[in-house]
Amino acid sequence: REQLKAQGKQTGTPAKRVHVIGAGVMGGDIAAWCAYKGLTVSLQDQDGGRLATAIGRAQQLYARKFRRDLRGARAAADRLIPDPQGAGVAHADIVIEAISENLEAKLGLYREIAPRMKADAILATNTSSLRLEDLSQGLPGGRQLVGIHFFNPVASMPLVEVVHTDATPPALRARAAAFVGQLDKLALPVRSAPGFLVNAVLAPYMLEAMRCVDEGLAPSSVDAAMEAFGMPMGPLELADTVGLDIAMAAGKQLSDGEQPPACLVRLVDGGKLGRKSGKGFYIWE
Ligand code: NAD
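Rules used in this analysis
Residues numbered from 1 in each chain as written. Predicted model: local features only at pLDDT ≥ 70, side-chain atom pairs only at ≥ 80, totals over all residues. Near = placed C-beta within 6 Å. Helix = DSSP H or I, 4+ residues; strand = E, 2+ residues; numbered from the N terminus. Domains from an automatic or database assignment. Pairing = 2+ DSSP bridges. Axes fitted to C-alpha atoms, helices over the stretch in contact; angles between N-to-C directions. UniProt positions renumbered as here; feature names shortened; annotations may be inferred. pLDDT = per-residue confidence, 0-100.

(A) Just the site of the ligand, in detail. Residues in close proximity to the ligand total 28 residues, the closest being Gly22, Gly24, Met26, Arg50 and Asn152. Residue assignment for the shell around the ligand shows that the elements contributing at least two residues are helix H2 (25–36) and helix H5 (103–113). The element best represented in the shell around the ligand is H2, accounting for 3 residues. Structurally, the shell around the ligand is a two-domain feature, drawing no fewer than three residues from each of domain 1 (2–191) and domain 2 (199–277).

What follows is the structure, encoded as structure tokens:
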């Protein structure tokens, strides 16, 4: 932990303005956390409904964190600016892309935003499963991309993976880690590889729990067993929290062609994607 804290030590000027693109499960919560930590944040999404939901979730976070300090909550909320047209790209010290997990969509977005960014701004992706090498292809103006991979739920997960390739300049890695430190998170440097580190370990664990459900165990029994073992949350509740479509994509990427568990396929095909859709292994109010 001390070593990871040291990774996130500030080396240059701290970031002041962040622009987050994608106000879904992750982007919305990343933006909310950055504003909570004192940064000015513009949040962009092509879907006005997702943007409004993310702003509402941020207000709930500030109400929880600031409790009776209404002024603090208000100040944090004021620092988080909905920006449907993405004007904030031009002023940001760091742009974090957290749009849907689709290579072409991400490449198209980078082509559009890179020329509008400040010359020394960091371009970061929150991708879980796409290769940084593929995402870095043909970035305009010789711009470099770094992975800053947050975990869900952002507000309670202390670790953030800082993803690099052999081509990532050390100074960019250091600046990305310093940004993570600025957010009071621990920066774990990882190489661009399937699942990076945490998901490479976690995905087989979640998939095995789903295979227990295929064999007839109730999700709540599997989760209760792992919670009794000492895990803070059972693997199926965790899968519901991550999103079952995301869990499926991660499982496919990491399972060497093995078929995904039948219960997972059934739920995803039925549009039951976990917490975000209200139903998954559990019903979420
Ligand atoms: P999500 O589907 O909840 O949100 C994606 C958002 O991006 C949507 O609101 C969509 O409207 C918006 N969007 C799509 N294309 C856009 C564009 N061109 N311009 C502006 N907005 C656009 O997805 P998510 O679960 O938040 O995942 C986002 C990224 O974070 C993915 O790369 C995913 O791999 C990664 N990630 C997800 C998790 C997780 O637990 N869900 C964890 C870590 C990382």
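(B) Summary view of the sheet that holds strand E6 (residues 145–149). With respect to topology, 8 strands assemble into an open sheet ordered E3-E2-E1-E4-E5-E6-E7-E8, the strand pairing being mixed. Two strands in the sheet have a free side with no partner beyond their single neighbour: strand E3 (80–82) and strand E8 (186–191). On average, each strand axis in the sheet is inclined to that of its neighbour by 25°, with strand direction left out of account. Here strand E1 (residues 17–21) runs beside strand E4 (residues 94–97); their pairing, made up of 4 bridges, is parallel. Within E4, the position partnered with Val20 by the bridge is Ile96.

(C) Geometry of the UniProt feature "domain: 3-hydroxyacyl-CoA dehydrogenase C-terminal" (unreviewed entry) in the chain. UniProt records the feature "domain: 3-hydroxyacyl-CoA dehydrogenase C-terminal" (unreviewed entry) at residues 195–284, using the numbering of this structure. Between the C-alpha atoms that bound residues 195–284 there is a distance of 27 Å. The span itself is 61% helix and 0% strand.

(D) View of the confidence of the model for the chain. Scored by pLDDT, the chain has a mean of 94; 100% of the residues are at 70 or more. For this predicted complex, the interface score ipTM comes out at 0.99, alongside a pTM of 0.91.

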